[in-house]
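# Understanding the architecture of this molecule
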Amino acid sequence: MELFKSDKTYNFMSKRNLFVSISLILIVLSLFSIFTKGFNWGIDFKGGIEIQVKFDKPADLGEIRKIVSKKFPSPSITTFGSNKEILIRLSVNDVSGDVRKSLGKEIKTLLKPLGNVDIRRVDIVGAKVGNELKEKGISAFIFSIIGILIYVAFRFEWRFALASVLALFHDTIISLGAVSFFHIETNLDVLAAILTLMGYSLNDTIVVFDRIREQVRDSKVNDLAALINEAVSKTLSRTVLTSLTTFFVVLTLFLFGGEIIRPFSFTLLVGIIVGTYSSIFIASPLLIWLGFKIDDYRKRLAEIEKRKREKEKMRQMYQGGVV
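Residues numbered from 1 in each chain as written. Predicted model: local features only at pLDDT ≥ 70, side-chain atom pairs only at ≥ 80, totals over all residues. Heavy atoms only, no water.

Let's shift gears to the pairing of strand E3 (residues 76-79). Along a regular strand, successive side chains alternate from one face of the sheet to the other. One ladder, built from 4 bridges, connects E3 with strand E4 (residues 85-90); its direction is antiparallel. Bridge pairing in E4 places Ser 76 opposite Arg 89. In textbook terms, the turn of a hairpin is the stretch between consecutive antiparallel strands, and for E3 and E4 this stretch comprises 5 residues, one of which, Gly 81, has a positive phi near 90°. (Pairing = 2+ DSSP bridges. Helix = DSSP H or I, 4+ residues; strand = E, 2+ residues; numbered from the N terminus.)

The structure is reproduced here in structure tokens:
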């Protein structure tokens, strides 16, 4: 199946200023939301207690909130997948695992007047652990970026590496901006989604960059914008089909996967859209603005090819007993 004709070249680069302007607006809006609204930190990061409760009949959230509030300040009460399952979040820090059973029993006793109650799980995270998770999450992101820079610079050229990392920052900031704006709970699942998105987006970008490298190597055209248009056009069907396939799978998870996986699936949904857009419209134009020179790159490829031929010649001479 081919969505776009592989022999047709679309002039993406003529609109590169428009695409980058749209991205800059989205980035500014995302940063504004992040710095003004912040994130809805889950107990993974801020510490606290999360209790999943199941009733034998539809639960009254207002009544549950009223009862729990008498014992615990400012509880968060939400449904969890169905109107019979409730998720109770308590901002109680510095608690030990020893209180898990007693706390479950206490909540069960409090809610007993509302019907038969089953405590499904009780998760406790201290504030110190939450801070450590934040630090490790940031470290994971930084080390991922460094690894990507090294890999792409080694495989292609430093301008390719910088362009791919800038595109990843673009995808990450906009995705986190959406998480902040829609007040999605920010937990370890969201962090996992961001790291997954980085790999997904980088893979798309590498496919496009690989085709650009082939175009530069095999073509005699010296117009970088024209070569990028050809490369992006030839990979367009693959990029869109892959993204659509992944998008519908993640959309199914978002709609039917339940509350526990919703932060993960929401972040990926936004990331897939933004990542596909950046691979086509952002990463490639960045090569032009970063001053990528076709002639210099062709000379570098010629030198690499020359060294390979020399090594192969020396190997054949050694095997033939000449050396």
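If you trace the backbone, Phe 35 turns up in helix H1 (residues 16-36). Overall, the relative accessible area of 69% leaves Phe 35 in the exposed class. C-alpha separation for the pair Phe 35 and Glu 106, spaced 71 residues apart in sequence, amounts to 38 Å. (Buried < 20%, exposed > 50% of the residue type's maximum accessible area, 1.4 Å probe, protein only.)

Between its terminal C-alpha atoms helix H9 (residues 262-281) stretches 28 Å, which fits the 28 Å expected from 20 residues at 1.5 Å a residue. A large share of H9 lies buried, amounting to 17 of its 20 residues. (Expected span 1.5 Å × (residues − 1).)

Throughout the structure, instances matching the rule amount to 7 salt bridges. Notably, a salt bridge pairs Arg 238 with Asp 204, separated by 2.6 Å at the nearest N-O pair. Taken together, the positions of Arg 238 in helix H8 (residues 224-256) and Asp 204 in helix H7 (residues 188-218) put the pair 34 residues apart, joining distant regions of the chain. When its relative accessible area of 29% is taken as the criterion, Arg 238 is described as partly exposed. (Salt bridge = Lys/Arg side-chain N within 4 Å of Asp/Glu carboxyl O.)

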